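Residue strings, one per chain:
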Amino acid sequence: MLDRYVFTLSFAFLFSVAELSNKDDGFPAPFYRVLSLENPPMEGKDVVILQNLLLRSPFVRPISTSGVYDRETSEAVASYQKRNGLPSNGVLNATTASLVLKQLMYDGYRDDHTVPSGYKFKVHVPVYKDRTIETNATLYDSNNKTFDLNSPEPDPKSFGPYPVIRAVKGLKGNAAIGKNKDDTFLSDYRSGILMHTGEWDHWNPSEPMPNSHGCIHVHPTDLKNIDDILVHKLGVVIHKNPFEENPYPYVPQGILSVEQIG
């Protein structure tokens, strides 16, 4: 049985400082708005991300990851700002958001090159701080059970003609942030990260792939080979694509491991 398979991909992951800012207000993705103490309090996925990242700061007391921008979150932001020489008003503006990502996005996760029990495969993605740099990922096979395979998207030009791999569960670090210990960022706050290709005009494999806009771009021939391996060698089932349905309706057959290497 296959041990591992290496393929090329372009990966714009959720906590990329590199290239993505919201054009109108300068906020770095995934942040997109000013967060402050209000009545009623502000809530959202961006608040959960902020709270989880602040927990990595030595200047912040432990806070809950409730998704509510409450007084303790505002005080944590103020403490973080003060220790970094910023106005300590407890308001997350674009400057503070950028510093939070620059200092706290690194999660220290290291892949152990094994497949956790209960999955058919694992995809290990070593990424750079600058997510515009393409990288090689490794598909690990296992006799145990590990992404999930969904039927093709209806737009082959944007997503390619092959079944797409939907990452709905991560291991540790940024890919496993959630409200509870057993939750993951991916399954809680979006319907998954797609690994897909496309039919890109005037593109050839010697060139960088187009921006993946938060998904994972794979060379077309690589994705075809991956799909063949998953289905014909590992027995992965192609589930009917649920698109944006949340929570994800199937038990994931594979798992994502994202490790920052530089």
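Numbers given to residues run from 1 along each chain, matching the order in which its sequence is written. Totals for whole chains, interfaces and linings use all residues, but because this is a predicted model, local features are given only for residues with pLDDT of at least 70 and pairs of side-chain atoms are given and counted only at 80 or more. The side-chain values count all of the structure's non-hydrogen atoms but skip hydrogen atoms and water molecules.

Convention followed: UniProt positions are given in the numbering used here, feature names are shortened, and annotations may be inferred rather than shown by experiment.
Going by the annotation in an unreviewed UniProt entry, the name recorded for the protein is Peptidoglycan binding-like domain-containing protein, with Pocillopora damicornis given as the source organism. Check the Pathway (unreviewed entry) section of the UniProt entry for the protein; it says "Cell wall biogenesis; peptidoglycan biosynthesis."

### Looking at the environment of Phe31
We apply this condition: Helix numbers and strand numbers start at the N terminus; a helix is a DSSP run of H or I with at least 4 residues, a strand a run of E with at least 2.
Counting through the fold element by element, Phe31 comes out in the loop between β1 (4–11) and α1 (45–54). Between the C-alpha atoms of Phe31 and Lys45, which are 14 residues apart in sequence, the distance is 9.2 Å.

### Re the pattern of salt bridges
The condition that has to hold: The term salt bridge refers to a pairing of a side-chain nitrogen on Lys or Arg with a carboxyl oxygen on Asp or Glu at a separation within 4 Å.
This model, assessed by the stated rule, comprises 7 salt bridges. Between Asp46 and Arg33 there is a salt bridge, and its shortest N-O distance comes to 2.7 Å. Placement of the pair is Asp46 in helix α1 and Arg33 in the loop between β1 and α1, with a sequence separation of 13 residues. Residues joined in a network through salt bridges with shared partners are Asp111, Asp112 and Lys122.

### What about the pairing of strand β5 (residues 164–167)?
Quick note on the threshold: Whether a residue is buried, partly exposed or exposed follows from its accessible area with a 1.4 Å probe, protein chains only, as a fraction of its type maximum: under 20%, in between, or over 50%, in that order. A pair of strands is labelled paired if DSSP reports no fewer than 2 bridges between them.
Both faces of β5 are covered, namely the face carrying Val164 and Arg166 and the face carrying Ile165 and Ala167. Note that β5 and strand β6 (residues 193–196) share 3 bridges and pair antiparallel. Within β6, the position partnered with Ala167 by the bridge is Ile193.

### Describing the packing of aromatic side chains
Inclusion rule: Any two of the Phe, Tyr and Trp rings considered here, Trp counted by its six-membered ring, make a pair once their centres fall within 6.5 Å; the pair's planes then place it as stacked at under 30 degrees, edge-to-face at over 60, or tilted in between. Each ring is checked for a lysine NZ or an arginine CZ that lies within 6 Å of its centre and within 35 degrees of its normal; such an atom marks a charge sitting over the ring.
If you walk through the whole model with that rule in mind, you get 2 aromatic pairs. Ring centres 5.1 Å apart and planes at 85° place the aromatic pair Trp200 and Trp203 in the edge-to-face group. In this pair, the class of Trp200 matches that of Trp203, namely buried. Look at Tyr248 and Tyr250: their rings are 5.4 Å apart centre to centre, the planes differ by 80°, and that puts the pair in the edge-to-face class. Residue classification places Tyr248 among the buried positions, given a relative accessible area of 14%. Relative accessible area serves as the criterion here: at 26%, Tyr250 is assigned to the partly exposed category. The lysine or arginine in question, Lys122, covers the ring of Tyr140, its NZ or CZ lying 5.3 Å from the ring centre.

### Considerations on unusual backbone geometry
With an omega of 5°, the peptide bond between Asn39 and Pro40 qualifies as cis. Mapped onto the secondary structure, Pro40 falls in the loop between β1 and α1. The phi dihedral of His113 is positive, around 65°, even though this residue is not glycine. Along the chain, the position of His113 falls in the loop between α3 (94–104) and β2 (121–127). On the basis of relative accessibility, which here comes to 46%, the residue His113 falls in the partly exposed class. Residues other than glycine seldom take positive phi values, yet His202 does so here, at roughly 60°. Mapped onto the elements, His202 comes out in the loop between β6 and β7 (216–218).

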